[in-house]
Every structure is written in C-alpha cells, then in structure tokens.
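# Chain and residue survey
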Amino acid sequence: MRHILHADFDAFYASVEQLDAPELRGKPVVVGGSAEGRGVVASASYEARGFGVRSAMPMRTAQRLCPEAVRVGARFDRYREISQRVMSMFRDLTPLVEPLSLDEAYLDVTAVATNGEQPAMIAAELRRRVKVELGLTISIGVATSKSVAKIASDMDKPDGLTVVAPGDERAFLAPLPIGKLWGVGPKTAERLIAAGVETIGDIARQDEGWLVGMFGKHGAQMRRLALGEDDSAVVARRETKSVSAETTFARDTGDAEMLQEVVNRLSQRVAQQLRRKELQGRTVKLKLRLSDFTTFTRQRTLPHAVQSADELSRSAGELLRAELYGRRRFRLVGVGVSGFERSEAHPEEPRQLKFVGFG
Ligand code: TTP
Ligand code: MG
C-alpha cells in the first residue's frame, strides 16, 4: 500500500502578493492583466472569491463583481522562487516528488510512513513548516493513491488537511460530483448526467460493460477511479536546469561551414525542446571536443532570454568562430541553453494541467 500526499498552495499568486505587500492582506486581490488590456484573472485571493471572482475569468468581469479588488500584475520570477523552495522542502521528506505545476505536487511518503510516522502527521508537519518558513498556507490531501489525494487536497481549501484513511476511499468519493473525478471533463459529465449518473458513487455502481459501451476503455478506467482504485506511481521529476544537444562526428573536422551547419541543426533540436517545456534561457553554451579529446565549453550570457533556433545558432555560431583557428579539428560539437526564464507568451491565459519547467 502506498501513502501519497497531494499538496497545493492556496490562491498561490494572490497569496504571494499578499505576503510581499502586507497592506494587501485580508483584502480582495486579483493577479492578472488589466481589464483595459483584456486581461484574465490568473489567481484570486479567497477574499475576492467571496465576491464570485475566479481564475480564468476576464478581469473586466472580476472588477464588476468586486470593484474594490486590488489588481496586481503577475511576477513569475517570484512565484518560481517560492516554488523552488517548497519543492525542496518536499524533497527533504522524500525524493519521490512529482510537481504538477509551480504550486502543486504529489509526494510518495510510503517509506517515511513505514518508519513509524503516520501519513497524517507527516502532512501536518509539512503544512506547519511551509507556514513558518514561507509564510504561506498549503492544502494537503492524504490518501493511498494519487487521484484520491488530489481530490482530498481540494476538499478543505484554504489551509486544509483532508485525510482519507486506507479502506475509506470508496465511501469518501461516493457523494462527490462526477466532475471531481480525474478524466471527467464537461462533455463526459454532460453525457453521464443525461443518463442519471451524478455522483462518483453512481459511477462506481454502474456495470462496467455499460460504461465501456459509452466511453470505451476510458469507461473502465473511470469506474476503477470511482472505486478508489489507482495504482499509478509518483514519478520523481526535477527542475530542468539546462537543455542541450550534441553530436559526435564520424570523422573529425575543421570545416567552418560544416561546423556551423551542425550548430544550426543542434540549435533547432534545442529550440524544439525549449518550446515544448515553455522555457527560454539567457546563457548559450557551446561544447567542443578536439581530435585529442580535450573537451571544453564556451558560453555567453545574453541581455535577454532566447528560445528560437535562429537566435541560438547565431550566438553559438559566434562562439564557434572564435575557436576556429590553426589546424584545429573537432570530434564533437554541442549547443546548450541555461539561465531559464519561463517563456510567457500568454501568461494570463488559462493554464493547462502540466508542470512547465520540470521534467
Ligand atoms: P491553482 O492551484 O489552480 O489556483 P490557486 O493556487 O490560485 O488557488 P487554489 O489552489 O487555492 O484554488 O493554480 C495555481 C496558480 O496557477 C495560480 O495561483 C495562478 C496560476 N493559474 C493561472 O495562471 N491561470 C489559471 O487559469 C489557473 C487555474 C491558475
Ligand atoms: Mg493552488
């Protein structure tokens, strides 16, 4: 049996703003772009939620619902810094930490619990430590699986702790609306409700064949989750510190044109990874290995963060040209980027459920 925690900061961006500006504490605060700029609410303090303000709502609507709300622009560097600190607190407890976003992670504390500590106590102590050391509240769900822990962490927000004891999973889930179940989006929910299935308990009671008939393989999975059966593992992931690509030549070369072409190709590969991880970096690195196996790197830090293959190959190309002298021949070339800032093409758009920058 596993013991899993799902931890999620309360009103993360808004709480960080209230932490850094004490005059905002106790007040309705919304983080996001301005109404004039057609901004969207990224995070709303619980005071603002009392007025009906929610994430992903147009800022204009938020201001209509709560005219006295204070709007603050997002400060991603600060959120990232706090995120790194909380993730490292999690890792003090267990290496099995799976971040889902800046403010949310699964922790597998099975080994810690085997040493005699109750999972509920582990969670309570973690919440205390976050409050004392970061000045922020985090809600935690404790359960024997990821999916139940995630639902549990949301039950008693803000500043909540919900423990689902082993064996209680099915009873805990039964009264909850189907939309809480992982994988039940609005469309699936609509079809289920039309068939009279409204709670997770209703799903658990259905015949598996009926669910499979409606939703295929996904229907069987839905039923298992509704019964509290989920044996998916917590997959430890660390923050990406750098992204790189390199290649070793079949034959050493000193040909400037060919080397630049290789740099271009590697830059494309790196740029693709950066895009996928939504990262951009300020430090561009070129790695070189000579025929005699001497290996060294040259790097430069740019005034602004880059992501595109063009910008990468230009910078790496300049570093390369400075190394092409004499009869030097190369065995290996690599291109890398570090010094990340998260690329925020559309920072205020509703975020997807993924942990950008980790993995
Ligand atoms: P959430 O954990 O979903 O929201 P929250 O922490 O603000 O509030 P709570 O957990 O107490 O319900 O998301 C974490 C952060 O991610 C949030 O503070 C801002 C950002 N975010 C967006 O930028 N857009 C969104 O649509 C959502 C949901 C979150
Ligand atoms: Mg949160």
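Above this text you will find the structure in question.
Reading the values: rules and limits
- For every chain, the first residue of the written sequence is number 1, and numbering continues from 1 onward in sequence order.
- Each chain is given a letter, starting from A, and each ligand a number, starting from 1, according to the order in which they appear as written.
- Residues qualify for local features only when their pLDDT is at least 70, as the model is predicted, and side-chain atom pairs are given and counted only at 80 or more; totals for whole chains, interfaces and linings, by contrast, use all residues.
- Side-chain figures throughout are based on the complete set of non-hydrogen atoms in the structure, without hydrogens or water.
- In this description a helix means any DSSP run of H or I spanning at least four residues, a strand means any run of E spanning at least two, and both kinds are numbered starting from the N terminus.
- At least two DSSP bridges between two strands are needed for those strands to be called paired.
- Axis lines are fitted through C-alpha atoms, for helices just across the contact stretch, and the angle between N-to-C directions can take any value from 0 to 180 degrees.
- Here, residues are in contact when the closest pair of their heavy atoms is within 4.5 Å.
- What is meant by a nonpolar core is a set of buried Ala, Val, Leu, Ile, Met, Phe, Trp, Tyr and Cys residues, joined one to another through side-chain atoms within 4.5 Å.
- Note on classification: 1.4 Å probe, protein chains only; a residue is buried when its accessible area is under 20% of the maximum for its type, exposed when over 50%, partly exposed between these limits.
- Boundaries of every domain are those given by an automatic assignment or by a domain database.
- Nitrogen, oxygen and sulfur within 2.8 Å of a metal are treated as its donors, or within 3.2 Å for sodium, potassium and calcium (Na, K, Ca); water is not counted, so a site can appear incomplete.
- Only two sets of limits are used to name each site, 85 to 135 degrees for every angle of a tetrahedral four-donor site, and over 155 degrees for opposite donors with all other angles from 65 to 115 for a square planar four-donor or octahedral six-donor site, with any other site named irregular.
- The criterion for a residue being near a molecule or strand is simple. One of its heavy atoms has to lie within 4 Å of it.
- In protein, a polar contact means a hydrogen-donor-capable atom and an acceptor-capable atom, both N or O and within 3.5 Å, with residues adjacent in sequence counting only if both atoms are side-chain atoms; elsewhere, any N or O pair within 3.5 Å suffices.
- Each angle receives one of four descriptions, namely roughly parallel if under 35 degrees, roughly antiparallel if over 145, roughly perpendicular if within 65 to 115, and oblique otherwise.
- By definition, turning the near helix anticlockwise from the far helix through less than a right angle yields a left-handed crossing, and turning it clockwise yields a right-handed one.
- Classification used: nonpolar for Ala, Val, Leu, Ile, Met, Phe, Trp, Tyr, Cys and Pro, charged for Asp, Glu, Lys and Arg, polar for all others including Gly.
- What counts as a salt bridge is simple: a side-chain nitrogen of Lys or Arg found within 4 Å of a carboxyl oxygen of Asp or Glu.

The next thing to look at is the environment of Gly141. By secondary structure assignment, the location of Gly141 is in strand E7 (residues 138-143). With 159 residues separating them along the chain, Gly141 and Arg300 place their C-alpha atoms 44 Å apart.

As a further point, take the sheet that holds strand E8 (residues 161-163). Read across the sheet, five strands follow the order E5-E6-E1-E7-E8 without closing on themselves; strand pairing throughout is mixed. Strands at the two margins of the open sheet, each flanked by one partner only, are strand E5 (97-101) and E8. Ignoring strand direction, the axes of neighbouring strands in this sheet form an average angle of 15 degrees. As defined by bridge partners, E5 adjoins strand E6 (residues 104-108) across four bridges and the pair is classed as antiparallel. Each residue of the ladder has a partner; that of Ser101, found in E6, is Glu104. Contacts from helix H4 (residues 76-93) reach strand E1 (4-9), E5, E6 and E7, with the element oriented near 155 degrees to E5.

Ranked by size, the top nonpolar core spans 36 residues in total, and within it Leu5, Phe9 and Phe90 carry the most contacts. Elements supplying a minimum of two residues to this core: E1, helix H1 (12-20), strand E2 (29-32), H4, E6, helix H5 (110-114), helix H6 (119-134) and E7. When residues of this core are sorted by domain, at least three fall in each of domain 1 (4-9 + 85-163) and domain 2 (13-76). Residue contacts for Leu5: discarding those within four places in its chain leaves Ala105, Tyr106, Leu107, Val109, Pro119, Ile122, Ala123, Leu126, Ile140, Gly141, Val142 and Ala149.

With respect to burial, E1 is a largely interior element, six of its six residues being buried. In terms of strand pairing, E1 meets E6 through five bridges, oriented antiparallel. Residue pairing across strands places Asp8 opposite Glu104, the latter belonging to E6.

Here we come to the coordination of the magnesium ion (ligand 2). For a metal bound by four donors in tetrahedral geometry, the ideal donor-metal-donor angle is 109.5 degrees, whereas six donors in octahedral geometry ideally sit at 90 or 180 degrees. The coordination sphere of the magnesium ion (ligand 2) contains the protein donors Asp8 (OD), Phe9 (O) and Asp103 (OD), at a distance range of 2.0 to 2.2 Å. Coordination at the magnesium ion (ligand 2) is octahedral, judged from the six donor atoms that bind it and the angles of 76 to 176 degrees they form at the metal. For the magnesium ion (ligand 2), the single-chain donor residues occur in sequence as D-F-x93-D. Here Phe9, found in strand E1, pairs with Asp103, found in the loop between E5 and E6; they are 94 residues apart in sequence, far enough to count as distant. Phe9 gets classed as buried once you look at its relative accessible area, which sits at 2%.

Once that is clear, we can look at the site of ligand 1. Near ligand 1, the surroundings consist of 16 residues, among which Ala11, Phe12, Ser43, Tyr46 and Arg49 are the closest. Between Tyr13 and ligand 1, the recorded distance is 3.0 Å, taken from a backbone N or O atom to an oxygen atom. Measuring from an oxygen atom of ligand 1, one finds a side-chain N or O atom of Tyr46 at 2.6 Å. Sorting the residues of the shell around ligand 1 by element identifies E1, H1, strand E3 (41-44) and helix H2 (46-49) as the ones contributing at least two each. When residues of the shell around ligand 1 are assigned to domains, at least three map to each of domain 1 (4-9 + 85-163) and domain 2 (13-76).

Below, the discussion takes up the packing of helix H13 (residues 256-276) against helix H14 (residues 309-321). The contact between H13 and H14 brings their axes to 8 Å, and the two run at 140 degrees. In terms of orientation, H13 lies oblique with respect to H14. Like other packed secondary-structure pairs, H13 and H14 cross with a definite hand, here right-handed. Side by side, H13 and H14 meet where Leu259, Gln260, Val263, Asn264, Ser267, Gln268, Val270, Ala271 and Leu274 of the first sit next to Ala309, Leu312, Ser313, Ala316, Gly317, Leu320 and Arg321 of the second. A class-by-class count of the residues in the contact of H13 with H14 yields nine nonpolar, six polar and one charged.

Now for the pattern of salt bridges. Within this structure, the stated rule accounts for 23 salt bridges. Lys150 is paired through a salt bridge with Glu104; the nearest N and O atoms lie 2.4 Å apart. Taken together, the residues Lys150 in helix H7 (residues 146-153) and Glu104 in strand E6 connect sequence positions 46 residues apart. Given a relative accessible area of 23%, Lys150 falls into the partly exposed group. According to the relative accessible area criterion, Glu104 is buried, its value standing at 3%.

By secondary structure assignment, the location of Ser315 is in helix H14. In this structure Ser315 comes out as buried when scored by relative accessible area, which is 8%. Every residue in contact with Ser315, bar those within four places of it in the chain, is listed here: Val284 and Leu302.

Turning our eyes to something else, we now look at the sheet that holds strand E4 (residues 70-72). Strand order in this open sheet of three strands is E3-E2-E4, and the pairing throughout is mixed. The open sheet is flanked by E3 and E4, the only strands paired with a single partner. The sheet shows a mean angle of 30 degrees between the axes of neighbouring strands, direction not considered.

These figures capture arrangement, not role.
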